[in-house]
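Structure at a glance
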Amino acid sequence: MSASENAAHTFPATQGTHNMLMGYLLWLFGFTGAHRFYYGKPITGTIWFFTFGLFLIGWIVDLFLIPLMDRQADLRFQRGSRSYTVTWILLTFLGALGIHRMYMGKWITGVIYLLTGGLFLLGVLYDFWTLNDQLSIKHQRER
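Residues numbered from 1 in each chain as written. Predicted model: local features only at pLDDT ≥ 70, side-chain atom pairs only at ≥ 80, totals over all residues. Heavy atoms only, no water.

Domain assignment breaks the protein chain into domain 1 (18-76) and domain 2 (82-142). The gap between the C-alpha centroids of domain 1 and domain 2 is 20 Å. Residue-level contacts link 11 residues of domain 1 with nine residues of domain 2. Surface buried jointly by domain 1 and domain 2 totals about 860 Å² across both partners, of which 66% is contributed by carbon and sulfur atoms. In this assembly, domain 1 and domain 2 are joined by one salt bridge. A salt bridge links Asp133 to Arg76; its shortest N-O distance comes to 3.9 Å. Taken together, the connections running from domain 1 to domain 2 amount to five residue pairs in polar contact (both at pLDDT 80 or more). (Domains from an automatic or database assignment. Contact = heavy atoms within 4.5 Å. Buried area = accessible area lost by both parts, 1.4 Å probe. Salt bridge = Lys/Arg side-chain N within 4 Å of Asp/Glu carboxyl O. Polar contact = N/O pair within 3.5 Å; in protein donor to acceptor, adjacent residues only side chain to side chain.)

Our next topic: the packing of helix 2 (residues 20-27) against helix 5 (residues 57-76). Relative placement of two packed helices is described by the angle separating their axes and the distance separating the axes. Closest axis-to-axis distance for the helix 2/helix 5 pair is 10 Å, and the angle between their directions is 160°. As summarised for this structure, helix 2 and helix 5 are arranged roughly antiparallel, according to the angle between their axes. Crossing geometry of helix 2 relative to helix 5 is assigned as right-handed. Between helix 2 and helix 5, the contacting residues are Met20, Gly23, Tyr24 and Trp27 on the first element and Trp59, Asp62, Leu63, Ile66, Pro67 and Asp70 on the second. Per-class residue counts for the contact of helix 2 with helix 5 are seven nonpolar, one polar and two charged. (Axes fitted to C-alpha atoms, helices over the stretch in contact; angles between N-to-C directions. Helix = DSSP H or I, 4+ residues; strand = E, 2+ residues; numbered from the N terminus. Parallel < 35°, antiparallel > 145°, perpendicular 65-115°, else oblique. Left-handed = near helix turned anticlockwise from the far one by under 90°. Nonpolar A, V, L, I, M, F, W, Y, C, P; charged D, E, K, R; others polar.)

Per the stated rule, a full pass over the model turns up seven aromatic pairs. Aromatic side chains Trp88 and Phe128 sit 5.7 Å apart centroid to centroid with 50° between the ring planes, which places their arrangement in the tilted category. Of this pair, Trp88 sits in helix 6 (residues 84-94) while Phe128 is found in helix 9 (residues 122-142), placing the two residues 40 residues apart along the sequence. By relative accessible area, Trp88 is classed as buried at 2%. In this structure an aromatic cluster arises from ring pairing among Phe37, Tyr38, Tyr39, Trp88 and Phe128. Positioned above the aromatic ring of Trp48 is the side chain of Arg36, whose terminal nitrogen or guanidinium carbon lies 4.3 Å from the ring centre. Seen from the ring of Tyr103, Arg82 lies directly overhead, with NZ or CZ sitting 5.7 Å from the centre. (Phe/Tyr/Trp six-rings, centres within 6.5 Å; stacked < 30°, edge-to-face > 60°. Buried < 20%, exposed > 50% of the residue type's maximum accessible area, 1.4 Å probe, protein only. Lys NZ or Arg CZ within 6 Å of the ring centre and 35° of its normal.)

Let's shift gears to the nonpolar core. Formed by 20 residues in total, the largest nonpolar core has its most connected members in Leu26, Tyr38, Tyr39, Ile66, Trp88, Leu91 and Leu131. Counting residues per element, this core draws most heavily on helix 5, at four residues. Per-domain counts for this core show at least three residues from each of domain 1 (18-76) and domain 2 (82-142). The residues contacting Leu131, other than those within four sequence positions of it, are Thr87, Trp88, Leu91, His100 and Met104. (Core = buried A, V, L, I, M, F, W, Y, C linked by side-chain atoms within 4.5 Å.)

In structure tokens:
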């Protein structure tokens, strides 16, 4: 078995860190940069947020770039005990309550977020920028 076949056997596409279906679902709201944050691209996510998906042109182009962003995220971030997709869903919809932090095992900051509205939403913004790296570091430490 060649090295590439062995790598394909060890890391099947369905077991990457990120989920392409989730990427496309977030793309529907992509003019806000949601899919770019999900794939670990916070700078362009912020640009998309403030320019309405780079005036919708970038948003349309991203329809074709999502498979590439998904592969890059799968290679860049470490797999582990916590799902990136679940964590991102919790951050996106319950971020101010800190549920995503509790899911990651960060109970103290999760409770602080719960009591302060996600540290007055600044903590939620910080997590949008750094969530993938936070999970990747946690997974790396678990190994």
